[in-house]
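# Survey of secondary and tertiary structure
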Amino acid sequence: MDLKNLSVRKQGDVYAVTCDVQLKDLSSGAEMAYHYTFDLVREGDRWYVVRMGQGEI
């Protein structure tokens, strides 16, 4: 797994996170690239994912 292009932006009380992830299937050797988006909120000392999205790059 390889993580690239990590970006974090604060929008009010929500943190919008985007990143690209390169995954490799160990059995076939196939590599796939995905773009992820997360919306995170902090409550006390914990972080919660309130929305997650995924799409191919």
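Check the entry above for the structure.
Now for a description of the structure that goes with this document. (Residues numbered from 1 in each chain as written. Predicted model: local features only at pLDDT ≥ 70, side-chain atom pairs only at ≥ 80, totals over all residues. Heavy atoms only, no water.)

## Some thoughts on unusual backbone geometry
As a reminder, the rule being used: Secondary structure counts use DSSP, requiring at least four H or I residues in a row for a helix and at least two E residues in a row for a strand, with both numbered from the N terminus.
Of note, the phi angle at N5 is positive, near 55 degrees, even though the residue is not glycine. Within the secondary structure, N5 sits in strand β1 (residues 2-11).

## Focus on the environment of D45
With respect to the element layout, D45 can be found in the loop between β3 (31-43) and β4 (46-56). Between the C-alpha atom of D45 and that of A30, which follows or precedes it by 15 residues, the distance is 38 Å.

## Overview of the packing of aromatic side chains
As a reminder of what qualifies: Stacked, tilted and edge-to-face are the three classes applied to pairs of Phe, Tyr and Trp rings, where Trp contributes its six-membered ring and a pair requires centres within 6.5 Å; stacked means planes under 30 degrees apart, edge-to-face means over 60, and tilted covers the rest. Each residue is assigned to one of three classes by its accessible area relative to the maximum for its type, calculated with a 1.4 Å probe on protein chains only: buried under 20%, partly exposed between the two thresholds, exposed over 50%.
Tallied over the full model, the rule gives three aromatic pairs. Taking 6.5 Å as the distance between ring centres and 50 degrees as the angle between the ring planes, the aromatic pair formed by Y34 and Y36 counts as tilted. Y34 sits in the buried class, given a relative accessible area of 18%. Taking relative accessible area as the criterion, Y36 reaches 13% and is therefore assigned buried. When the ring of Y36 is compared with that of F38, the centres are 6.1 Å apart and the planes differ by 15 degrees; the resulting orientation is stacked. Clustering of aromatic rings is evident, with ring pairs tying together Y34, Y36 and F38.

The values reported here are purely geometric and, on their own, carry no functional implication.
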